[in-house]
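Structural features, examined
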Amino acid sequence: MQSCEISSDSADDPLSRGSRRKRQPRIVVIGAGLAGLSAARLLLASGFTDITVLEASERIGGRVQSIKLGCATFDLGATWIHGADGNPVYQLAEDHGLLEETTDGERSTGRISLYSKNGVAHYYTSGGQRIPKDVIEEFSDVYNEVYNLTQEFFQRGRPVGAESQNSVGVFTRNVVRKRLKANREDSGISKRLKLAMLQQFLKVESCESSCHSMDEVSLSEFGEWTEIPGAHHVIPSGFINIVEILARDIPKSVIQLNKAVKSIHWNRSFSEEIHYIERTFADHNVEGQEEDEELGYRVRVECEDCEFILADHVIVTMSLGVLKKYHETMFHPHLPEEKVSAIRMLGISTTDKIFLEFEEPFWSPECNSIHFVWEDDAESESPAYPQDLWYKKICGFDVLYPSERYGHVLSGWICGEEAIIMERYDDETVAQTCTELLRKFTGTPRVSGPSACSDSSPGDTPPIRTVTQGRSAQRWLRCSQLGRWQSTHSETPEDPEVRMGQ
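None of the values given here were measured: they were computed from a predicted structure. (Residues numbered from 1 in each chain as written. Predicted model: local features only at pLDDT ≥ 70, side-chain atom pairs only at ≥ 80, totals over all residues. Heavy atoms only, no water.)

**A word on the pattern of salt bridges**
Keep this limit in mind: One speaks of a salt bridge when a side-chain nitrogen belonging to Lys or Arg is within 4 Å of a carboxyl oxygen belonging to Asp or Glu. Working definition: helices are DSSP H or I runs of at least four residues, strands are E runs of at least two. Numbering for both runs from the N terminus. The cut-offs for exposure are 20% and 50% of the maximum accessible area for each residue type, with area from a 1.4 Å probe on protein chains only; residues under the lower value are buried, those over the upper are exposed, and the others partly exposed.
The final tally for this structure, using the stated rule, is 20 salt bridges. Taking the shortest distance from any N to any O, the salt bridge between Lys 259 and Asp 305 comes out at 2.5 Å. Of the two residues, Lys 259 is situated in the loop between strand E9 (255–256) and strand E10 (261–265) and Asp 305 in the loop between strand E11 (299–303) and strand E12 (307–311); the sequence distance between them amounts to 46 residues. Judged by its relative accessible area of 32%, Asp 305 is partly exposed. In this structure, Lys 393 and Glu 418 form a salt bridge, with 2.9 Å as the shortest nitrogen-oxygen distance. Here Lys 393 is found in the loop between strand E17 (367–373) and strand E18 (396–399), whereas its partner Glu 418 is found in helix H12 (residues 417–422), with 25 residues between them in sequence. Note on Glu 418: relative accessible area 3%, which makes it buried.

**Details of the environment of Tyr 90**
For the record, the criterion: Should any heavy atoms of two residues lie within 4.5 Å, those residues are considered in contact.
Relative to the helices and strands, Tyr 90 is located in helix H2 (residues 88–95). The class of Tyr 90 is buried, set by a relative accessible area of 16%. As for Tyr 90 and Ile 242, which are separated by 152 residues in sequence, their C-alpha atoms are 9.5 Å apart. Beyond its immediate sequence surroundings of up to four residues, Tyr 90 is in contact with Ile 81, Gly 83, Ala 84, Leu 99 and His 233.

**With respect to the side chain of His 212**
Quick reminder of the rule: The definition of a polar contact used here is a pair of N or O atoms within 3.5 Å, where within protein one atom must be able to donate a hydrogen and the other to accept one, and adjacent residues in sequence count solely through side-chain atom pairs.
Mapping His 212 onto the fold places it in the loop between helix H5 (188–209) and strand E8 (232–234). Within the structure, His 212 has its side chain in polar contact with the backbone nitrogen of Glu 417 (distance 3.0 Å). Apart from the residues within four sequence positions on either side, His 212 is in contact with Ser 206, Ser 349, Lys 393, Gly 416, Glu 417 and Glu 418.

**Overview of the pairing of strand E5 (residues 72–75)**
Note the threshold: Two strands form a pair only when DSSP identifies at least two bridges running between them.
Burial of E5 is two-sided: the residues Ala 72 and Phe 74 facing one way and the residues Thr 73 and Asp 75 facing the other way are all buried. Across four bridges, the pairing between strand E4 (residues 66–69) and E5 is antiparallel. Each bridged residue has a counterpart across the sheet, and for Lys 68 the counterpart in E5 is Thr 73. Where E4 hands over to E5, the hairpin turn is made up of two residues, of which Gly 70 adopts a positive phi near 70°.

**Here's the deal with the nonpolar core**
The criterion, for reference: Throughout this description, the term nonpolar core refers to a set of buried Ala, Val, Leu, Ile, Met, Phe, Trp, Tyr and Cys residues connected via side-chain atoms within 4.5 Å.
The biggest cluster of nonpolar side chains holds 30 residues, and the ones touching the most others in it are Ile 131, Phe 139 and Met 197. Secondary structure elements with two or more residues in this core: helix H3 (133–155), helix H4 (168–182) and H5. For this core, the leading source of residues is H3, giving nine residues. With 28 residues, the next largest nonpolar core counts Ala 40, Leu 43, Ile 250 and Ile 315 among its residues.

**Observations concerning the packing of H2 against helix H6 (residues 240–248)**
Note the cut-off: All axes are obtained by fitting lines to C-alpha atoms, using only the stretch in contact for helices, and the reported angles, taken between N-to-C directions, cover 0 to 180 degrees. Orientation categories follow fixed angle ranges, with anything under 35 degrees roughly parallel, anything over 145 roughly antiparallel, 65 to 115 roughly perpendicular, and all other angles oblique. Here the nonpolar group is Ala, Val, Leu, Ile, Met, Phe, Trp, Tyr, Cys and Pro; Asp, Glu, Lys and Arg are the charged ones; every other residue, Gly included, is treated as polar.
Two numbers describe how H2 lies on H6: the axes approach to 10 Å, and their chain directions differ by 85°. The orientation of H2 with respect to H6, classified from their angle, is roughly perpendicular. For the pair H2 and H6, contact is made by Val 89, Leu 92 and Ala 93 and by Ile 242, Ile 245 and Leu 246, respectively. Split into classes, the residues belonging to the contact of H2 with H6 amount to six nonpolar, no polar and no charged.

**Overview of the packing of helix H9 (residues 320–330) against helix H10 (residues 337–345)**
How two helices pack is summed up by the angle between their axes together with the distance between the axes. Note the cut-off: With the far helix as reference, a near helix turned anticlockwise by less than a right angle produces a left-handed crossing, and one turned clockwise produces a right-handed crossing.
One way to put it is that H9 packs onto H10 with a least axis distance of 9 Å and a crossing angle of 125°. When the axes of H9 and H10 are compared, the pair comes out oblique. The chirality of how H9 crosses H10 is left-handed. Along its contact with H9, which presents Leu 320, Leu 323, Lys 324, His 327 and Glu 328, the element H10 presents Val 340, Ile 343 and Arg 344.

**Section: the packing of aromatic side chains**
Defined as follows: Geometry of aromatic contacts follows a simple scheme: Phe, Tyr and Trp rings, the Trp one being its six-membered ring, pair when their centres are within 6.5 Å, and the pair is stacked under 30 degrees between planes, edge-to-face over 60, tilted otherwise. A ring is scored as having a charge over it whenever the NZ atom of a lysine or the CZ atom of an arginine sits within 6 Å of its centre and within 35 degrees of its normal.
If you walk through the whole model with that rule in mind, you get 18 aromatic pairs. Ring plane angle 25° and centroid distance 5.9 Å describe the contact between Trp 80 and Trp 413, whose orientation is recorded as stacked. Taken together, the residues Trp 80 in strand E6 (residues 80–82) and Trp 413 in strand E19 (residues 408–415) connect sequence positions 333 residues apart. The residues Trp 80 and Trp 413 share a single accessibility class, namely buried. Between Trp 390 and Tyr 391, the aromatic rings sit 6.1 Å apart at their centres with planes inclined by 75°, giving edge-to-face as the arrangement. Among the residues examined, Trp 390 registers a relative accessible area of 3% and is labelled buried. Members of the aromatic cluster, joined through ring pairs, are Phe 372, Trp 374, Trp 390, Tyr 391, Phe 397, Tyr 425 and Phe 441. We note Arg 158 situated over the ring of Phe 153; from NZ or CZ to the ring centre the distance is 4.5 Å. Here the basic side chain of Lys 392 rests over the ring of Trp 374, its NZ or CZ set 4.6 Å away from the ring centre.

Listed below in structure tokens is the structure:
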């Protein structure tokens, strides 16, 4: 039988030397992603010494994970520094020389292809035809005009009409379709292509917002998102370098890996039990009830391995997905209503990237991305695909740039329920499916098929190494029939013992 332990001491803990007012406050940080590491680093730099970081997984970094394949580094999670002006992550990377090998072409400013600002995006229909440049530009102008309208509901306080259902997806489809159909100069074929492109653009938007569908995203709050000025920067040596910089000033003894948290008792919800623990474990020279009261910790963190950790404060930086699943059973007492409301109203989903490496490119030198436009999606509402058609949610592939660093690699995008379905398949199946899609849309039968062997004999098709991975995520506000929802999710509760990481 596993025994439970009470942890109430540390190497620097002066608890046994005097009362609480003579000791450092004990602070537990839950999560060793960027937020948790930043919190611990700042606390240590500010003179706090009694810090413990609890991380459920076997590594630090959270959604940041970089891997080496050959000579190149690929980021499985966070990839870009979005914007430079006033961005602390950019400043950290710049100060430590992480952007010295970043090429001008990698400092992308686009919304569709983030890997390179150079080149041209190629759009292909499911019939294997490349969509003409003028059709793409005409549609992009209409779409971007409507996208700007979606921002105004929050930024200018415009009322949301009932027909939009307070949904970015519903509003965008309705307005774009009306404008396209009202254009009498547009041919029927061109108009149908643009209607199909609308669905592809919304898939890209869903990947950027990390939601299953833009229909789920609140129109009244969509414009709250603020872009930091400047380009999107890639760190050639991997985003994991940011994690390592943050962790550099944190003693290894502070971070405990494989330490999942089961529950957090805060606001002195267990005061009687804590007093018993303190009387049992505190220095026996401490005398008097008054002094014993001063020793009292305000928080008890219970770990899955049955260890209890006592603290004065806890900073919670676990992901929104974990909070959604466990907040009702994890916190004792329950979180304040404004926190619970924020957890419920904010949305989060799955976005996966798919890396395909080819020995030789089948795309032209100027191509920076390949986008899939399914013609049969033209008149549908938000596409909901059967499980066996999960691949229709793949919106396209970006070309990784520069090829001198990465080789000939494409990075595909898929989000929502279809991404979760894809994760059930092995890499070989996903690679084969993606290869068939690339053949179908580009009309290029010579796209080489995947091989499980990296040492194909002469005459065999060139091998493709595939890496299927997720997950990255953004937070977004769910649709609400109640109109505008006050953004209280960034506020901290009145009681100081629990802080929710942003």
